[in-house]
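Residues per chain are reported as follows:
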Amino acid sequence: MENEAKKVMLSGIQPSGDLHLGNYLGAIKNWSVRADQFDCYYFMADMHTITVRQNPADLRRRTLEQLAQYIACGLDPEKNTLFVQSHVHQHAELGWVLQCYTMFGELSRMTQFKDKSKKNADNINGGLFAYPSLMAADILLYQPDLVPVGEDQKQHVELCRNVVQRFNGIYGDVFKMPEFYSTKAGARIMCLTQPESKMSKSMPEGCVFLMENPDDIMRKFKRAVTDSDTERCVRYAPDEKPGVSNLMSIYSAVTGKSYDEIEAEFEGKGYGAFKPAVGEAVVELLRPIREESQRLIKDKAYLESVYRAGAEKAGYVAEKTLRKVYKKIGFLQR
Ligand code: TRP
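Residues numbered from 1 in each chain as written. Predicted model: local features only at pLDDT ≥ 70, side-chain atom pairs only at ≥ 80, totals over all residues. Heavy atoms only, no water.

## A look at the domain arrangement of the protein chain
Considered domain by domain, the protein chain is made up of domain 1 (2–187 + 300–329) and domain 2 (204–294). In this complex, domain 1 contributes 12 residues to the contact, which on the side of domain 2 involves 15 residues. Carbon and sulfur atoms supply 79% of the area that domain 1 and domain 2 bury against each other, a total of about 1100 Å² over both sides. Summed over the three residues of domain 1 that lose the most area to domain 2, namely Leu21, Tyr24 and Ala72, the buried surface amounts to 42% of that side. Where domain 1 packs against domain 2, one counts 0 salt bridges. Across the contact surface, domain 1 and domain 2 share 3 residue pairs in polar contact (both at pLDDT 80 or more). When residues of the side of domain 1 that touches domain 2 are traced back to their parent elements, those giving at least two are α2 (21–32) and α4 (56–72). (Domains from an automatic or database assignment. Contact = heavy atoms within 4.5 Å. Buried area = accessible area lost by both parts, 1.4 Å probe. Salt bridge = Lys/Arg side-chain N within 4 Å of Asp/Glu carboxyl O. Polar contact = N/O pair within 3.5 Å; in protein donor to acceptor, adjacent residues only side chain to side chain. Helix = DSSP H or I, 4+ residues; strand = E, 2+ residues; numbered from the N terminus.)

Set out below in structure tokens:
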């Protein structure tokens, strides 16, 4: 009964790289607190990763590691449905159907497609182009109210909403209209070496990975770029002082201190004291997460039980939606 009243939330992360501080502070950290209010589904979007060529062994390893890391970050598998996309075959099936309700023109306008085609000019495959239709299927199978994703995914959620309108316009109320839910509420963490760009695995020196050891984390923070202004004081001013302001965002997200409190704490101390303090706060934040992930990754039987139970629960819900869709569009029932 209680479950029926809860709103449904769904999101996915591609296991295409190791999780980092930006993923944690910007997204995952907020996920764990939602479990009591929402019925939450989180999945490893492995089917999306193959739109770009992957090394099979790495993909397999990262998918399992990511599950371990989600759990270590506080996502309780008893309270959230955690699963691997490819384990729930309904994603591929509804993905195909929805491709037939997504327009070539719509897909051509997607910024992510344009960006990724530039970066992978030798592999502009059909999957890369049709990716948003699969993402719409990921979403719509679970009839969620909210889809919490980064701003870069907003366009894909908008496309999904267009597909709902088109589909429901023909067949009646089959899909619930999902809402984009910005994860901006979390901190937007920038690269430590180029604070104009988002923290990303593609710039490893400016990126702190969840599994990184404390020495490396400290080194990265000590080398973080600060700003070449003359005042050399810790003050929050993202436009003038992007480097220092980013470190302040990190410190604030980790310690819960406000910018005013941080400015007061480091008044007269300069950057030399500030940078290692941020590093130490991050080391202590990540220590239990790293240790718990390492413990979980060795417990393969447990991880298997989590993703099997997740796939079973997700599959049950997904199948209900898929049956309805097949019936509406006129597929003969088996
Ligand atoms: N496209 C998302 C990303 O690259 C991942 C994703 C796939 C997703 N399917 C989804 C996110 C469905 C939310 C809902 O980050």
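Still to come is the rest of the account.
## Examining the site of the ligand
Taken together, 14 residues form the shell around the ligand, and within it Gln14, Tyr131, Met135, Asp138 and Gln153 come nearest. A distance of 3.0 Å separates an oxygen atom of the ligand from a polar side-chain atom of Gln14. The protein chains hide 90% of the 370 Å² of surface that the ligand would expose on its own. In terms of residues, the shell around the ligand owes the most to one element, helix α8 (residues 126–140), which gives 4 residues. Residues of the shell around the ligand, tallied by class, amount to 8 nonpolar, 5 polar and 1 charged. (Near = heavy atom within 4 Å. Areas by Shrake-Rupley, 256 points an atom, 1.4 Å probe, with all protein chains shown as cover. Nonpolar A, V, L, I, M, F, W, Y, C, P; charged D, E, K, R; others polar.)

## Quick look at the environment of Ser16
Take Ser16: it is sitting in the loop between β1 (7–13) and α2. Residue Ser16 is classed as partly exposed on the basis of its relative accessible area of 24%. In this structure the C-alpha to C-alpha distance between Ser16 and Ala45, which are 29 residues apart in sequence, comes to 8.9 Å. The residues touching Ser16, leaving out its near neighbours within four places in the chain, are Thr49, Gln54, Arg62 and Lys201. (Buried < 20%, exposed > 50% of the residue type's maximum accessible area, 1.4 Å probe, protein only.)

## Digging into the environment of Arg34
Positionally, Arg34 belongs in the loop between α2 and β2 (38–44). In this structure Arg34 comes out as buried when scored by relative accessible area, which is 6%. Between the C-alpha atoms of Arg34 and Lys79, which are 45 residues apart in sequence, the distance is 9.7 Å. Among the polar contacts made by the side chain of Arg34, one reaches the side chain of Tyr42 at a distance of 3.3 Å.

## A closer look at the pairing of strand β5 (residues 179–182)
Relative to β5, strand β4 (residues 146–149) runs parallel, the two being bridged by 4 bridges. Counted as the bridge partner of Leu146 is Glu179 from β5. This β-α-β element, β4 to helix α9 (residues 154–171) to β5, shows right-handed connectivity. (Pairing = 2+ DSSP bridges. Right-handed = clockwise from strand over helix to strand, strands pointing away.)

## Focus on empty space enclosed by the protein
Evaluated as defined, the whole model comprises 3 cavities of 30 Å³ or more. Its volume calculated, the largest cavity comes out at about 40 Å³. Mapped by element, the contributors of at least two residues to the lining of the largest cavity are α7 (111–119) and α8. Here the lining of the largest cavity is built from residues that sort into 5 nonpolar, 2 polar and 1 charged. (1 Å grid on protein atoms, 1.4 Å probe; cavity = no way out; pocket = protein on both sides within 12 Å on 5 of 7 lines; lining within 4 Å. Points joined across faces, edges and corners; volume = space filled by probe spheres on them.)

## Brief notes about unusual backbone geometry
Although it is not a glycine, Gln143 adopts a positive phi angle of roughly 45 degrees. With respect to the element layout, Gln143 can be found in the loop between α8 and β4.

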